[in-house]
Amino acid sequence: MSGTATPTPRREATATLVRSTVVVAAIRGIDIGLSFLVSVLLANRFGTSGQLDAFFLARRTTVGFADAIRKLVGHIVMPSVVSKIDRGEHLSIHGLPRRVYVFVILFVLLTLAGTLVPSALVSAFAPGFTGERHDLTARMMAIMMPLLPVAVIGSLLVAVLQANRRYWLSEGTNIVQRAILVFVLAVAIPPLGIIAGAWTMLVSGIVGTAILFVGAWPIVRRRPESLLASQSGDDTEDGSQVGAQTGTGVSPAAALGGGVAAAIVLNAYFQACSLLDFAVASTAPAGGVAALEYGARLVSLVPGLLMSSLNTVLQPELVRAMQHPDPAEASTGLARFQRIAFFAQMPVSIGMMIGAQLMVTILFGHGAFDAHSIALATGTTAGYAAAAIFLAPMGAITLAIYADPRAPSLRDLLVIAIGGLAIRGLMLAFAAPAYGAVGIAWAAAVSTLLAFALAQFVATRRFREFDMIVQLVDFARTALCGAVAAAGAYSLWIFAPAAETTFARLLLLIAIGGVVVALYIGAAILLHVPELAKARAILGGIAARKFRRRAA
């Protein structure tokens, strides 16, 4: 399977994408249930107190950095791993980009510094924390710092698994880690306090990495001919082409993506936006950081389920698309993935925005989580849900720019990162003093929209075959579908009888979700949105195959 591969029919490739996304979403759906349970236990124990501020800030600056490291290393090694697997070459640690070893050493040193002098990091990332909140944050940060080098190792293993489409193992590990945390929160937090949560985060991270190693090792030690046989099996099963798309237009050396510096810029931008939000929130009254965390958490668990599942599947597939020797085909692949992300994310975020108060009250409105806490978390949830609409297609642009082998990606990514951070800072400076934590979340939404517009402008200048007019028309149709769905759901929210019980709130939340989906799909049918037509064709093909099997 070396050389130029035969292109796959687009419908079959989309069907494979849908199937893989469904697998990832199903696994993450279980993870969502456990994550909700974690959030409910924390809310019930601590509300939006200073203790929870300290825990969330410590987790954000350690686990958040660890997540950024996973994405960073994944961006660096994924093109190399995909290329080797598609060509049937042997996977070896010696074939990794050499600067990965620099990352390991760097994060080991950073771990030592954070463990020995965590107080300095707290002062940098939470300038508003003083006294007990500062000391408690520093203590938990020192405990969780070893997650940084663990994340580097884990990201290498995840890249191997995802490049082989072994999503169930790379994603299922999170379920084990979350289950451990749920157990500790339910049993050990009352006697041991919030510090037990920090130790649990560390232990569960190590356990998860060990599971990934056990799953990835059989793939790494396979002989090259075994890799080729396995990939041929994947072709037969999925109807998709997984061969390396290198040809006369793209040399194998060039087909390895955008390099280490570009990957750092790409991941540092998204991490810096999050840290900037929480650094500003640390200057707000007690409970502001916790409210922001609850909002970000809810959005990452509900609308983020779809976006993160798509991103997990899209990353290796978009890398393959961008390495196509024909620039027009590469641009078409970018446009397709971007439209899929935007169309899929829109109704989920709309439902989340309108049902935010109901969801927050159902999940967290118990124990120490009072009416003020509900109001704060509702506002932050709605703001971050709005931001997710534009974050999905923007992520497709930045990943495509990074994976494009035809020109250096560093300059374009720097334009997006610097411009995006400047916009974010200006929005926060305006909204945070006046509106607190809720203003921070909505500032994030507005700044994400403007950063998306900037990224779209950069994409049109880089990808000359990228038809922006057609793309904007499609976006407009999707946005109109979203507006129809939002109007209907909001009318239901306004005119429905007040829900006073948890059961009544749950019924109203389900009704709002049903109205959003029904009106969104109905509007998409009337406006002939192409993504819906593709989905209907895929479902029709699946049904036809099952009918033929039964008839046989």
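Residues numbered from 1 in each chain as written. Predicted model: local features only at pLDDT ≥ 70, side-chain atom pairs only at ≥ 80, totals over all residues. Heavy atoms only, no water.

## Considering helix H17 (residues 410–462)
Part 1 of the argument: Between its terminal C-alpha atoms H17 stretches only 12 Å, short of the 78 Å expected from 53 residues at 1.5 Å a residue.
Part 2 of the argument: Most pronounced at tyrosine 435, the bend in H17 amounts to some 150°. (Helix = DSSP H or I, 4+ residues; strand = E, 2+ residues; numbered from the N terminus. Expected span 1.5 Å × (residues − 1). Bend = angle between axes of the 7 residues up to and from the residue.)

## A look at the packing of aromatic side chains
Part 1 of the argument: Per the stated rule, a full pass over the model turns up five aromatic pairs.
Part 2 of the argument: With centroids separated by 4.7 Å and ring planes inclined at 55°, the aromatic side chains of phenylalanine 342 and phenylalanine 475 adopt a geometry described as tilted. You can see phenylalanine 342 sitting in helix H14 (residues 327–354) and its partner phenylalanine 475 sitting in helix H18 (residues 468–495), a full 133 residues away along the chain.
Part 3 of the argument: On the basis of relative accessible area, phenylalanine 342 is assigned to the buried category, the value being 5%.
Part 4 of the argument: On the numbers, 5.2 Å between centres and 40° between planes, the contact of phenylalanine 343 with tyrosine 520 is tilted. In this pair, phenylalanine 343 is assigned in helix H14 and tyrosine 520 in helix H19 (residues 502–526), connecting sequence segments 177 residues apart.
Part 5 of the argument: Of note, arginine 336 hangs over the ring of phenylalanine 337, and the distance from its end group to the ring centre comes to 4.7 Å. (Phe/Tyr/Trp six-rings, centres within 6.5 Å; stacked < 30°, edge-to-face > 60°. Buried < 20%, exposed > 50% of the residue type's maximum accessible area, 1.4 Å probe, protein only. Lys NZ or Arg CZ within 6 Å of the ring centre and 35° of its normal.)

## Focus on unusual backbone geometry
Part 1 of the argument: Positioned with a positive phi, histidine 528 is a non-glycine residue whose angle comes to about 60°.
Part 2 of the argument: Structurally, histidine 528 can be placed in the loop between H19 and helix H20 (530–551).
Part 3 of the argument: With relative accessibility at 63%, the residue histidine 528 sits in the exposed group.

## Here we look at the side chain of glutamine 471
Part 1 of the argument: Looking at where glutamine 471 falls in the secondary structure, it is placed in helix H18.
Part 2 of the argument: With a relative accessible area of 1%, glutamine 471 lands in the buried category.
Part 3 of the argument: Within polar-contact distance, the side chain of glutamine 471 engages the backbone oxygen of alanine 335 at 3.3 Å.
Part 4 of the argument: Contacts of glutamine 471, omitting those with residues within four sequence positions, involve Ala335, Gln338, Arg339, Gln456 and Phe466. (Polar contact = N/O pair within 3.5 Å; in protein donor to acceptor, adjacent residues only side chain to side chain. Contact = heavy atoms within 4.5 Å.)

## Observations concerning the confidence of the model for the chain
Part 1 of the argument: Averaged over every residue, the pLDDT of the chain is 75; residues scoring 70 or more account for 70%.
Part 2 of the argument: The low-confidence segment residues 1–8 (pLDDT under 50) makes 18 contacts with residues lying over four places distant or belonging to another chain. (pLDDT = per-residue confidence, 0-100.)

## Thoughts on the pattern of salt bridges
Part 1 of the argument: This structure, assessed with the given rule, holds five salt bridges.
Part 2 of the argument: When the shortest N-O distance is used, the salt bridge between aspartate 404 and arginine 462 registers 3.1 Å. Linking aspartate 404 in the loop between helix H16 (371–403) and H17 with arginine 462 in helix H17, this pair joins segments that are 58 residues apart in sequence. A single burial state applies to aspartate 404 and to arginine 462, both of which are buried.
Part 3 of the argument: The salt bridge partner of arginine 477 is aspartate 474, with a shortest N-O separation of 3.6 Å. Highlighted residues: arginine 477 and aspartate 474, both in helix H18, separated by three residues, approximately one helical turn.
Part 4 of the argument: Salt bridges linked by common partners bring Asp404, Arg406, Asp412 and Arg462 together as one network. (Salt bridge = Lys/Arg side-chain N within 4 Å of Asp/Glu carboxyl O.)

## Describing the nonpolar core
For soluble globular proteins, the rule of thumb is that nonpolar side chains tend to be buried together.
Part 1 of the argument: In this structure, Leu42, Met140 and Tyr294 are the most contacted members of the largest nonpolar core, which totals 119 residues.
Part 2 of the argument: Ranked by residue count, the leading element in this core is H17, at 15 residues.
Part 3 of the argument: Counting six residues, the second largest nonpolar core, distinct from the first, contains Leu157, Val158, Leu161 and Leu212. (Core = buried A, V, L, I, M, F, W, Y, C linked by side-chain atoms within 4.5 Å.)

## Here we look at the packing of H17 against H18
Part 1 of the argument: The contact between H17 and H18 brings their axes to 11 Å, and the two run at 150°. One way to sum up the angle between H17 and H18 is to call them roughly antiparallel. Of the residues in H18, those touching H17 at Phe452, Gln456 and Thr460 are Met468, Gln471 and Phe475.
Part 2 of the argument: Residues that form the contact of H17 with H18 fall into these classes: three nonpolar, three polar and no charged. (Axes fitted to C-alpha atoms, helices over the stretch in contact; angles between N-to-C directions. Parallel < 35°, antiparallel > 145°, perpendicular 65-115°, else oblique. Nonpolar A, V, L, I, M, F, W, Y, C, P; charged D, E, K, R; others polar.)

## Remarks on the packing of helix H15 (residues 356–364) against H16
Part 1 of the argument: Two elements in contact, H15 and H16, have axes whose closest approach is 9 Å; the angle formed by their N-to-C orientations is 130°. Here H15 is positioned oblique relative to H16, judged by the angle of their axes. Classified by chirality, the crossing of H16 by H15 is right-handed. Contacts between H15 and H16 involve Ala356, Gln357, Val360 and Thr361 on the former and, on the latter, Ile374, Ala377, Thr378, Thr381 and Ala382.
Part 2 of the argument: Taken together, the residues that form the contact of H15 with H16 break down as five nonpolar, four polar and no charged. (Left-handed = near helix turned anticlockwise from the far one by under 90°.)

## So, the environment of leucine 161
Part 1 of the argument: Of note, leucine 161 is situated in helix H6 (residues 147–163).
Part 2 of the argument: When its relative accessible area of 1% is taken as the criterion, leucine 161 is described as buried.
Part 3 of the argument: Spatially, the C-alpha atom of leucine 161 lies 6.1 Å from that of alanine 216, the residues being 55 residues apart in sequence.

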